[in-house]
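Architecture at a glance
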Amino acid sequence: MTAYDAAPTAYDAVVLAGGAAKRLGGADKPGLSVGGRALLDRVLTACAGAANTVVVGGRRPTTRPVVWTREEPAGGGPLAALDAGVRRTSAASVLVLSADLPFLAAPTVHALLGELRRTGREGVLCTDAEGRDQPLVALYRAEPLRRELALLATEHGSLAGLPLRLLVRELDLGRLSADPLASFDCDTWEDLAAARARIRDHGGVLDEWITAVKDELGIELDVDTGVLLDLARDAAHGVARPAAPLTTFLVGYAAAKAGGEGKDVAEAARRAAALANRWAAETETPDGPRNDAG
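Treat the numbers as computed from the prediction; the structure is a model and nothing was measured.

Under the 1.5 Å per step criterion, the end-to-end length of helix H9 (residues 243–258) is 22 Å for 16 residues, consistent within 8% with the ideal 22 Å. Two residues or fewer past H9, Gly259 is found with a positive phi of approximately 145°.

Quick look at the structure:
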């Protein structure tokens, strides 16, 4: 047992969104899109549970409110950027992420939180499919993280230009073998093309699309897409094909008026599906019930 065993689950997030992106020809990497969403916005969705999210990099529109800061000097590298971000946090744990992780999702963040609580160590970082440490997909205890950053700055005179491995080797860290795609980053145009192709080919394109739409519209709602697809099918088959999108729109409108929660969507969809089935039943018996007594 350690002094960290009773650590709270609350955390802040620091997202590193600077860097020269040399392998991308100096492109604005956090702003590049995968599935219609900027890489930075995809990462911000994954860490939506953070009490406070700090982005180290140039200001830009984002789908979530964040705190902006920059490293000193500008372009000083990941350790300098991390130090600048940590200075704007206050939670006992800090989730540290790069801004170019198209497949990072909330389950990986939850797994890091759970592993940190379980082990009581100074941090937990993900490893990739080859077992390599990923210090920018990691959760750290704030106190030892600040301590080691300060010691490194004192030892080297500055954090500018120092590699992340100097920090990793000074902390007592656990390792988490999470989703192999969680640490996939877009360092090259080939990486970006592979990420864009994967979200259309891996069988989850509808989930990707729904997430993108929710982010674009600022909606935080868990939706059972199967229920809505069944409703659209019933409306299209039992009424007319154009009824499908119109019906799902009306269900969404009714759910919003009822409170806007997942249960409201489910109830509105149930009622609309029942109506579509009644409508279809009438077309199946156009002559009405037989009257055998007449």
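Let's shift gears to the state of the cysteines. Tallying each qualifying case throughout the model produces zero disulfides. Not engaged in a disulfide, the cysteine Cys47 finds its nearest cysteine sulfur in Cys126; these two sulfurs lie 13 Å apart. The exposure class of Cys47 is buried, given its relative accessible area of 0%. Unpaired in this structure, Cys186 has its nearest cysteine sulfur neighbour in Cys126, at a distance of 17 Å.

Buried together is how nonpolar side chains tend to be arranged in soluble globular proteins. Counting 28 residues, the largest nonpolar core has Tyr11, Val55, Leu95 and Leu97 as its most contacted members. Secondary structure elements with two or more residues in this core: strand S1 (12–16), helix H1 (39–46), strand S6 (93–98), helix H3 (106–119), strand S7 (123–127) and strand S8 (133–141). Excluding anything up to four places from it in sequence, Val55 contacts Val15, Ala17, Leu40, Leu44, Val66, Val67, Trp68 and Thr69. Counting residues in hydrophobic clusters, the runner-up holds 27 residues, among them Leu79, Leu125, Leu145 and Val168.

Basis of the calculations
- Residues numbered from 1 in each chain as written.
- Predicted model: local features only at pLDDT ≥ 70, side-chain atom pairs only at ≥ 80, totals over all residues.
- Heavy atoms only, no water.
- Helix = DSSP H or I, 4+ residues; strand = E, 2+ residues; numbered from the N terminus.
- Expected span 1.5 Å × (residues − 1).
- Disulfide = S-S within 2.5 Å.
- Buried < 20%, exposed > 50% of the residue type's maximum accessible area, 1.4 Å probe, protein only.
- Core = buried A, V, L, I, M, F, W, Y, C linked by side-chain atoms within 4.5 Å.
- Contact = heavy atoms within 4.5 Å.

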